[in-house]
Amino acid sequence: DDYCLDEHDIVMFETRLGCKFNCTFCAFEFRNAKYTTDAHAEEMHNFFMDAYNKYNVKYFSVADDTFNEDDNKITRLELATKDLNFKPIIVGYNRFDIMMAKPEQSHRLDACGFHGHYFGIETLHREASKLIRKGIVKERAFEFMRYLRDNFPHWWTSSGYIIGVPKEPKSHIMDVIKTICDEKLLRSIIPGDLGLYGAAGFEDVWSDFVRNPEYYGIEVVNKNDPGNWHWRHEHMDKIESELFAKRLAAKITKLGVSNLCP
């Protein structure tokens, strides 16, 4: 009861620890989760009520690594929010390809107040996307971005884009970014260089890219920094990806799109 919170604060909550997916670039220790424990709808309802009635807080950030991985999680959020005496505004991470395959998720999340979305699209190059176990088709992705833009203009839609995923040339990245910026398909794009994190003692959480880089067309050229190996492949190397990501972030801003996540 002595929390120093007021109506300007954003409070974080979590409905499930772990992510059922296993993306090849990911080093999250709770990825590929088979058994999880979920927060109950009643627990979340009481949490929202306490936040609002005690502190007038209506802004929330959900910490789940992939909130929309399971429709049951959306159902629990619907139950938790439907009888509230206020409208929460929620932001968090959702998988774009799942929402694209299940567009009804967008309407259900909107009704809950889930209006800020960080998508991990990472790449729209077909072969590169398959390499990271997403397999998004670019034109279909653009069409769904238009759908979200036109149907939910009050949303903040944002995505990360990994610079340096094998198989994607820089020219393709530029074409994708230009289309998104020209049509304002997303509110923000956050480019980041591909990281290979091979710190000793953490082998059990190494990404597949780190465990077997040659299989994915990556050559590791320097392991002196165990937290961030230097690499190269046919289209790019580590240093180039870092510089390109920074330049791209500046270009995106000049084209009228933000680099801010929800």
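Residues numbered from 1 in each chain as written. Predicted model: local features only at pLDDT ≥ 70, side-chain atom pairs only at ≥ 80, totals over all residues. Heavy atoms only, no water.

Draft legend 1. Summary view of the overall build of the chain. Within the chain, the secondary structure is distributed over nine helices and eight strands. The C-alpha radius of gyration computed for the chain amounts to 19 Å, which stays within 12% of the reference 18 Å derived for 262 residues, consistent with globular compactness. The dimensions of the chain, computed from C-alpha atoms along their principal axes, are 55 × 45 × 35 Å. For the chain, the proportion of contacts with a sequence separation of at least 24, taken over those separated by at least 6, is 75%. With 34 positive and 41 negative side-chain charges, the chain shows a spacing of 6 Å between the two charge centroids. (Helix = DSSP H or I, 4+ residues; strand = E, 2+ residues; numbered from the N terminus. Rg over C-alpha atoms; globule rule 2.2 N^0.38 Å. Contact = heavy atoms within 4.5 Å. Lys, Arg positive; Asp, Glu negative; His and termini not counted. Charge placed at Lys NZ, Arg CZ, Asp CG, Glu CD.)

Draft legend 2. Highlighting the pattern of salt bridges. Under the counting rule described, the total for this entry stands at 19 salt bridges. Close ionic contact of Lys238 with Asp193 constitutes a salt bridge, the shortest N to O distance being 2.4 Å. With Lys238 in helix H9 (residues 238–254) and Asp193 in strand S6 (residues 188–193), the pair connects residues that are 45 residues apart, well separated along the chain. Accessibility expressed as a relative area gives 28% for Asp193, which makes it partly exposed. (Salt bridge = Lys/Arg side-chain N within 4 Å of Asp/Glu carboxyl O. Buried < 20%, exposed > 50% of the residue type's maximum accessible area, 1.4 Å probe, protein only.)

Draft legend 3. Examining the sheet that holds strand S5 (residues 156–163) more closely. If you trace the six strands from one edge of the open sheet to the other, you get S1-S2-S3-S4-S5-S6, paired in parallel fashion. At either margin of the open sheet sits one strand with a lone partner, and together these are strand S1 (10–13) and S6. Strand-to-strand twist in this sheet, taken as the mean axis angle between neighbours without regard to direction, amounts to 20 degrees. The sheet contact formed by strand S3 (residues 89–94) and strand S4 (residues 114–122) spans five bridges and is parallel. In the sheet register, Val91 faces S4, and the bridge partner there is Gly116. Helix-sheet contacts for helix H1 (residues 41–55) involve S1, strand S2 (59–62) and S3, and the interaxial angle to S1 is about 165 degrees. (Pairing = 2+ DSSP bridges. Axes fitted to C-alpha atoms, helices over the stretch in contact; angles between N-to-C directions.)

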